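Listed here are the chains, written in short residue letters.
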Amino acid sequence: LGSSRCGVCGMKRDLVDNHEDEYYDLKSSHSCTDPLCCLLFVGALLGFGNLYGSLIVTGNVGKLYHGIDWGGRVCGLDTGVEEKPYLYWCASASASGGGLHFNTQKPVCVASCPDGSLTSMFFNMNAECALVSGSLSQMLSYKTQTLGHYCIPDTSEDQGGTSQQIASQLNDMGTFAQQALGSLPAAWPLMVGAFACSLVLGYLYLVMLRHCAEALIYLSIGLCTLGSLALGAYLWLNAGTLLQGMDRGSRQEASGLTGHEELATKVAAIVCFGLAALLVFMVQCLSHSIHVASACVEVACEVLFEMPSLLLAPIVKVFVKGLAFLVLLFGFLLLYSTCEMTSGEDGMLRHFSPDDNQKLTLLFYLIMAIWILAFISAVYQFMVAYSVVEYYHTPFDHGGDKDVGCCEVLEGLQVALMYHPGSLAFGSLLIALLSVLQKIIEYAERQNQVAGGNRIVACLLCIAACLVSCCKDMLQRVSRCAYIDMAITSNNFCDASQQALGTIAAMAASLGILTGATFVFSVFGVISICLCCGAFTYHAASTGAFADASSESFIESPVAVTVAALAISALVAFAFMDIVDMASDSLLYCYQMDRQKDSTATPAARRR
């Protein structure tokens, strides 16, 4: 036996003294690729960092949601109202008698909202209200409730029908929002519990896939086949009678099918029977591909458990990418707040009008934001692919086990940032440009609808949107395989993409089955994890101290807390499904490359 050291922590690992099975030193085979793209990315990051720093100084997100008084000043931000962050509508006695009359067109900024107490009765009687209402003696105080930075009339008290002019815009939605936001701080134990529950369920799901992935594939195919047969039989037996069960309105809408109902129903039944036959044919003719695909998923889960650092990768990805998204979103809001603002008369509505330079800056920021997020995803995919490739090429010892390193994910990160940042940035830039082009086409489609909906323009934009979407989907698939090839061969992005296209074509059947299988597993896994975590959160929020109004942990809106828990569990579940998808793709790619080589080239890798 010989030994080697982990490329990150230096821990020794034993090597098998075997003339056939030599240790595969993956890291030493890598060299720097696409340096010009790396320099371009670094330069773009420097420019973006300079822009972000200037936005922190010049931008103010408060302009997007703070109230605006009758003079156009943003409450709590502009000169003269820095200490008055709330927007308030002055009121006077209604001319018709009874109730209040609100001056909804000239709100004012105030330091705090009147809550109906004696200390706040005379609060709104100030010089600002005198200016907009005409006379200080005519003004009346009323009870409000604080919603964000707005003093909303409390509709629980009879203050006149005019108060609904304000409340109708914010109060209905605001009441739920206020309950939801107020419930989240008290529900932090449930949020932590939902996160922990989703983690446990994610790992349990990986265990299930590790042992019965092929059975799940055949089960899903069988259910789809039986479902198609059942639907086809139902349509065939009820041909000509389906419209009779509809109500009168539905029958009138479907009146054009009345004369051809039986024929159309039987055609639909034949399509269902054909789909069932196609599934049976696929099972018969593609059994080897199904076996390979399920084996890839099972081995992918085995790899995850054999390399503990990979088990932490989904959590790290959620945290890093989520944090990056929040930072980039905050910067975008800062940039948008620097545009010229015009406000409506009610103090709530506002419109931002960027000039030509600001439009170019917004476009640059959008490209950079998507580029950075895509680069993070590319690094993550490379890290997973590198770890799986290292596992795949590690020979078995005499006990039938693989002695892999303890820090392969960190070693993959080191290789990605040391040797391949240019290649990863190149692939990410292409995806970012196509994503921005998609957004531009969507914006053009909305503008065309606003302008009257020119059909020729709409058709051209639809064709362009389809082409861009297809190119983006194909590029994302090729890029994933290119990163796998890069982890194996250390090719640059273009060479790796060319190699990946040939490999994808050679394993089209197995890759198609694997893609379908991982899609089924992903959908089933995400739904199962979200439902379990959502049920747990709702039950916990509706019982015990969380349902006791006298408790400090009282949750006023269990539904809002459940929605937040569902969002958290969905993010964690998607991260788990994504790493299984990437690991299985990497194994299949390695397997296909071995098949294309001489059978004696990598004997250790072929014994599986």
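Please read all numbers here as calculations on a predicted model, not as lab measurements.

A. Structural context of the overall build of the chain. Counting its secondary structure elements, the chain contains 16 helices and ten strands. Residues counted as buried form 43% of the 608 residues belonging to the chain. Pairs at least 24 residues apart make up 73% of the contacts formed inside the chain by residues separated by at least 6 positions. In the form shown here, the chain has an accessible surface area of approximately 30500 Å², with 64% of it arising from carbon and sulfur atoms.

B. Representation of the pattern of salt bridges within the structure. A complete count under the given rule lists six salt bridges for this structure. The partner of Arg 480 in a salt bridge is Asp 578, with the nearest N and O atoms 3.8 Å apart. Residue Arg 480 is found in helix α12 (residues 455-489), and its partner Asp 578 is found in helix α15 (residues 558-596); the two are separated by 98 residues along the sequence. For Asp 581, the salt bridge is made with Arg 480, and the minimal N-O distance between the two is 3.4 Å. Taken as a pair, Asp 581 in helix α15 and Arg 480 in helix α12 lie far apart in primary sequence, 101 residues in all. The class for Asp 581 is buried, based on a relative accessible area of 17%.

C. Focus on the nonpolar core. Residues Tyr 365 and Leu 424 are the most contacted members of the largest nonpolar core, which totals 96 residues. When sequence neighbours within four positions are dropped, the list of residues in contact with Leu 424 reads Phe 375, Ala 378, Val 379, Phe 382, Ala 416, Tyr 483 and Met 486. In this structure, Cys 90, Cys 109, Leu 147 and Met 348 belong to the second largest nonpolar core, which totals 19 residues.

D. The pairing of strand β10 (residues 350-353), seen in detail. Residues Arg 350 and Phe 352 point to one face of β10 and are all buried, whereas His 351 and Ser 353, pointing to the other face, are not buried. The pairing of strand β9 (residues 340-343) with β10 spans four bridges and is antiparallel. Paired with Met 341 across the two strands is Phe 352, which belongs to β10.

E. Inspection of the environment of Leu 311 at higher detail. Position of Leu 311 among the secondary structure elements: in helix α8 (residues 308-337). Judged by its relative accessible area of 17%, Leu 311 is buried. Sequence separation of Leu 311 and Cys 301 is ten residues, and the distance between their C-alpha atoms is 9.8 Å. Apart from the residues within four sequence positions on either side, Leu 311 is in contact with Tyr 203, Leu 206, Leu 304 and Phe 305.

F. Structural view of the packing of aromatic side chains. As enumerated under the stated definition, the model contains eleven aromatic pairs in all. Both rings, one in Phe 41 and one in Phe 375, keep their centres 4.6 Å apart while their planes meet at 40 degrees; by these two values the pair is tilted. In this pair, Phe 41 sits in helix α1 (residues 35-58) while Phe 375 sits in helix α9 (residues 356-393), placing the two residues 334 residues apart along the sequence. Each member of the pair, Phe 41 together with Phe 375, is buried. Note on Phe 332 and Tyr 336: the rings are 6.4 Å apart at their centroids and 10 degrees apart in plane angle, and the pair reads as stacked. Here Phe 332 pairs with Tyr 336, and both are found in helix α8, just four residues apart, close to one helical turn. Chaining the aromatic ring pairs together yields one cluster made of Phe 48, Tyr 52, Phe 332, Tyr 336, Phe 352 and Tyr 365. The ring of Trp 236 is capped by Lys 266, whose NZ or CZ atom sits 5.0 Å from the centre of that ring.

G. Region of interest: a nonpolar patch on the surface. Nonpolar side chains collect at one region of the surface, where Leu 226, Leu 229, Trp 236, Leu 237, Ile 270 and Phe 273 lie side by side and expose about 610 Å² of accessible area between them. Secondary-structure elements contributing two or more residues to the nonpolar patch are α4 (188-237) and α6 (261-285). Tracing the sequence through the fold places Leu 226 in helix α4. On the accessibility criterion, Leu 226 (56% relative accessible area) is exposed.

H. Up close: the state of the cysteines. For the coordinates displayed, the defined rule picks out one disulfide. With a sulfur-sulfur separation of 2.0 Å, Cys 75 is cross-linked through a disulfide to Cys 109. Between Cys 75 and Cys 109, the disulfide has an S-S torsion of -80 degrees and is therefore left-handed. In this pair, Cys 75 is assigned in the loop between α1 and β3 (86-88) and Cys 109 in strand β6 (residues 108-110), connecting sequence segments 34 residues apart. The thiol sulfur of Cys 470 is not disulfide-bonded, and the nearest other cysteine sulfur, from Cys 466, lies at 6.5 Å. Residue Cys 470 is classed as exposed on the basis of its relative accessible area of 53%.

I. Just the environment of Asp 473, in detail. Mapped onto the fold, Asp 473 is located in helix α12. On the accessibility criterion, Asp 473 (46% relative accessible area) is partly exposed.

J. A look at the packing of α4 against α8. Across the interface, α4 lies against α8 with an axial gap of 12 Å and an inter-helix angle of 140 degrees. In this view, α4 runs oblique relative to α8, as classed from their interaxial angle. Here the hand of the crossing between α4 and α8 comes out right-handed. Seen from α4, the contacting residues are Phe 195, Leu 199, Tyr 203 and Leu 206; seen from α8, they are Leu 311, Leu 312 and Ile 315.

K. Representation of α15 within the structure. Helix length check: α15 (39 residues) gives 57 Å between terminal C-alpha atoms against 57 Å at 1.5 Å per residue, within 8%. In terms of residue burial, α15 counts as a mostly covered element, since 28 of its 39 residues are buried.

L. Region of the structure containing the side chain of Ser 423. You can see Ser 423 is positioned in helix α11 (residues 421-450). For Ser 423, the side chain forms a polar contact with the side chain of Thr 33, separated by 2.7 Å. Here the side chain of Ser 423 touches Asp 34 through a polar contact of 2.6 Å, side chain to side chain.

Calculation rules
Residues numbered from 1 in each chain as written. Predicted model: local features only at pLDDT ≥ 70, side-chain atom pairs only at ≥ 80, totals over all residues. Heavy atoms only, no water. Helix = DSSP H or I, 4+ residues; strand = E, 2+ residues; numbered from the N terminus. Buried < 20%, exposed > 50% of the residue type's maximum accessible area, 1.4 Å probe, protein only. Contact = heavy atoms within 4.5 Å. Areas by Shrake-Rupley, 256 points an atom, 1.4 Å probe, with all protein chains shown as cover. Salt bridge = Lys/Arg side-chain N within 4 Å of Asp/Glu carboxyl O. Core = buried A, V, L, I, M, F, W, Y, C linked by side-chain atoms within 4.5 Å. Pairing = 2+ DSSP bridges. Phe/Tyr/Trp six-rings, centres within 6.5 Å; stacked < 30°, edge-to-face > 60°. Lys NZ or Arg CZ within 6 Å of the ring centre and 35° of its normal. Patch = residues over 30% accessible without salt bridge, like charges linked within 9 Å, V, L, I, M, F, W, Y side chains within 5 Å. Disulfide = S-S within 2.5 Å. Axes fitted to C-alpha atoms, helices over the stretch in contact; angles between N-to-C directions. Parallel < 35°, antiparallel > 145°, perpendicular 65-115°, else oblique. Left-handed = near helix turned anticlockwise from the far one by under 90°. Expected span 1.5 Å × (residues − 1). Polar contact = N/O pair within 3.5 Å; in protein donor to acceptor, adjacent residues only side chain to side chain.

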